[in-house]
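# Reading the structure
Here is how the chains run, residue by residue.
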Amino acid sequence: MARSDASVAVALPRPLLSRRARTLLTGYLYLVPVAACLGGTIVFPILKAMHMSLYNHVLFKPQEYGFVGLGNYRRLLRDETFWLTLWNSFVWVFGSVSLQFVGGFAAALLLHQSFRGRPFVRTVTLLPWIVPGVVVALVWEWLYQPNYGVINDVLLRLGWLRERVAWLSDPGLAMPAVIATNVWRGVPFFAVMLLAGLQAIPDELYEAARVDGARVIQRFRHITLPLLRPIIIVATATRIIWTFNYADLIFVMTSGGPANATQITSTYTLVTAYTNLDFGYAATLSVVLLVIMLVFTILYLRVTRGIESVT
Amino acid sequence: MDDRWMLSRRQLLKTLAAAGALAAADLGWWEEPLMRPRRAWGAAPVRFQFSVPEPKRTALVESLAQRFNQSQTDFEVKVEFVPQAQARQKLIAGIAANNPPDCCQVWDNWVGEFEGMGAVEDLTTRVRDWKYYKDVTPIAWQTVTLKGKVLSFPWVVTNDGVYWRTDRAVEYGIKPPKDDWTWDEFSAAARAFTKPEKNQYGFGMRGQGTWAVLYATEFMYANGAQVLKDGKVAINSKEAAEGLEWYLDLFRKHKVCPPSVPTDGWRGIVEGFGRGITNMYIHNSGSSEEQKDFVGAKSFATVPLPLGPAKKRTSFYFSETLTGFRNAKNREGAWRFMSWCMDDEPKFMYCKTLGLLPSRKSLADRPEFAKDPAYQGFIKSFPFSIVSPYLAYAGWGGKIDSEGVPLFQQALVGKLTAREFLEKFAEVLTKNMA
């Protein structure tokens, strides 16, 4: 008998997930490594810090470890040093960023002109930004050294000082001195950002304005500033966030002293964690810093979203 | 690749041998440079944390470890150098994580804190049977004894004295101080030494670090004050406030100190004297060898601290300890290494190289210490030296640095009066009497 080759079609078992669900799942699976990295390095430490802030966790007093609820937050409200550091942080951030912006803008306008030796000047302008922060701090600490520092020596020789000034040891001068160092370091950042913006403004606009009789200040006010606005906002907001968190310059130059005159909240957090070994309270300070930074970040995102829609 | 630039195995070995010989030759301070490799193979490792990694100390301690390793076959010491600023936190983190080194070198004011964590190996029974137990001065044992337990070996002892620029004194016609000089004479000398137009000042006061508060306290004691009285904190007394006021005025009112005082730590005061900015400063014998290099052995001397109005004076004893840990992986190795460091030769070399006074009488009596003018101020201070009162409570160790020093700086720069500082400081001490 001839064998029949015909076979009956058998229905495949119904897949566990629909095609759409599988496509979606595949997409999410690709995201897993990134999510794991972000979760492990950002989300988990933040949650851990929040958790730690609810505990009395002084490393050298293990017997006193325990849940204190909002006790650390209550302590923070009464902590005079914290409020002082918060005020110092605002002075540090706004003093640094505003002067960096002014200096950077001036440098960018200068570098935008064509003159002999411009590439050399551009390179020199960038140098402070290239040098590592700790090196900058050490160099400036020596420059400010009251007994044998260069700054005092030069000012005394010029007759501008009668006696040696303790730049970093005088509570009234220490903060301006560290801000000046930070300004020196941060000017190139603004200079480069704003120079890039200036170069993107079409020359035709200036030519048309010139033909219409606009003077230098009018051209600056009505062409340069409005067209640079997006870059100014992005650069300033980014710089504010960086400076708020930037602890190494102060830590190396003054360790927050003298008498907490240069203690900002981020250095205070470092001291609380690594000198006092009070990890519970340091975590509380970190959480508060996080909230302040979140406010800045939300503002930044709102402003830049506006800019994106304009552009 | 160009073969001319490739090192053969033989060339590499020769280069390494030459580098080793150069490094050994560099240890000129040791009579017999170490050239031979160690003999022990498979020896149990001993982790030793050393917390002042300056070039001289690093070479010295590495050499000590090699000599110990060569002297026996059971253990091999591996030195972990940690910057002083991070040493305490690294040890506490190691203890908290149940992974401390086997032993370490730390100042005695930290040991109480470690003991508070239940981390320190109790050496009481073993040291009493140890061969040099009676040779160690009783006061040195006192610096490492807490609640009747001996917790460490006092490797070296220190007390404070005044470094004095002898050549400048001759130049300015200032009489050298007698051993029983007074505050008035101290102040007069500081003024006579001060020449701001030449960038020279009379006294290098310390404004940063734990000892900023300790040196000020020694002046308070000279005015009749005490840290503890009848078991209570008494540092806010009238005598203390007056003594401190006098001390602070050297900087605030009389301007006999350099303007950098509020941020001058140990390095600041030692270098200030070494570079000729200051002509007197208070420190232990630990910077005497350095000053011999800086200003020359004949250009300075040391004298005891001056007598205060109460006709009293005090110098605080401290010791640099060798401390072992209860949860160490190699406690026996740690004991063997620590006790070996207290032997004649290693201890003598450590102390003499660094200018520190040995805690063993038989070594301290050697002419290298007893006859050296650089040590006289400290040796003459022995009769009135006491163990630092700040060693009374374990909780005080870290608090002086973290809370006492910023408060002291506020008093220095005039943000607090001496009395206000002492009231706040007494509060900190009272809170941490544990």
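Residues numbered from 1 in each chain as written. Chains lettered and ligands numbered in written order. Predicted model: local features only at pLDDT ≥ 70, side-chain atom pairs only at ≥ 80, totals over all residues. Heavy atoms only, no water.

## Quick word on the overall build of chain A
Convention followed: Numbering of helices and strands runs from the N terminus, with a helix taken as a DSSP run of H or I at least four residues long and a strand as a DSSP run of E at least two residues long. Radius of gyration here is computed from C-alpha atoms only, and the compact-globule reference equals 2.2 Å multiplied by the residue count raised to the power 0.38. The criterion used for residue contact is that any of the two residues' heavy atoms lie within 4.5 Å. To measure how exposed things are, a 1.4 Å probe is used in the Shrake-Rupley method; for residues, cover is taken only from the protein chains shown.
Broken down by element type, chain A carries 12 helices and 2 strands. Walking chain A from its N terminus toward its C terminus, one meets helices and strands in the order α-β-β-α-α-α-α-α-α-α-α-α-α-α. Taking 311 residues into account, the globule formula puts the C-alpha radius of gyration at 19 Å, and chain A, at 28 Å, lies well above it. Expressed along its principal axes, the backbone C-alpha trace of chain A runs to roughly 120 × 75 × 35 Å. Considering only contacts within chain A whose residues lie at least 6 apart along the sequence, 66% involve residues at least 24 apart. For chain A, the accessible surface area stands at approximately 18500 Å², while carbon and sulfur atoms represent 68% of it.

## A look at the domain arrangement of chain A
All names here are of chain A. Operational definition: These domain boundaries are the output of an automatic or database domain assignment. What counts as buried area is the accessible surface, traced by a 1.4 Å probe, that two parts surrender upon association, with contributions from both included. What counts as a salt bridge is simple: a side-chain nitrogen of Lys or Arg found within 4 Å of a carboxyl oxygen of Asp or Glu. Side-chain atoms alone can form a polar contact between residues adjacent in sequence; in general such a contact is a pair of N or O atoms within 3.5 Å, and within protein one must be able to donate a hydrogen while the other accepts it. Residue classes follow a fixed rule: Ala, Val, Leu, Ile, Met, Phe, Trp, Tyr, Cys and Pro count as nonpolar, while Asp, Glu, Lys and Arg count as charged, and any other residue, Gly among them, counts as polar.
Looking at chain A, the domain boundaries give domain 1 (19-67) and domain 2 (72-310). Of the residues lining the interface, 11 residues belong to domain 1; the matching set on domain 2 comes to 11 residues. Between domain 1 and domain 2 the total buried area reaches about 890 Å² when both faces are included, carbon and sulfur atoms providing 70% of it. Summed over the three residues of domain 1 that lose the most area to domain 2, namely Met52, Ser53 and Leu59, the buried surface amounts to 43% of that side. In this structure, the connection of domain 1 to domain 2 is made through 0 salt bridges. The tally of links from domain 1 across to domain 2 stands at 6 residue pairs in polar contact (both at pLDDT 80 or more). Broken down by element, the side of domain 1 that touches domain 2 gets its largest block of residues, 4 residues, from helix α1 (residues 19-52). Tallied by class, the residues present in the side of domain 1 that touches domain 2 amount to 9 nonpolar, 2 polar and no charged.

## Here's the deal with the pattern of salt bridges
Residues and elements named next belong to chain B. Our working definition: Relative accessibility decides the category of a residue: with a 1.4 Å probe and only protein chains considered, values under 20% of the type maximum give buried, values over 50% give exposed, and everything between is partly exposed.
Tallying each qualifying case throughout the model produces 26 salt bridges over all chains. Glutamate 320 serves as the salt-bridge partner of arginine 57, at 3.5 Å between the closest nitrogen and oxygen. With arginine 57 in helix α2 (residues 55-71) and glutamate 320 in strand β12 (residues 315-324), this pair connects stretches of sequence that are 263 residues apart. An identical accessibility class is assigned to arginine 57 and glutamate 320; each is buried. Note that aspartate 249 and arginine 252 form a salt bridge whose closest N and O atoms lie 3.5 Å from each other. Here aspartate 249 and its partner arginine 252 are both found in helix α10 (residues 238-252), 3 residues apart, which amounts to about one turn of the helix.

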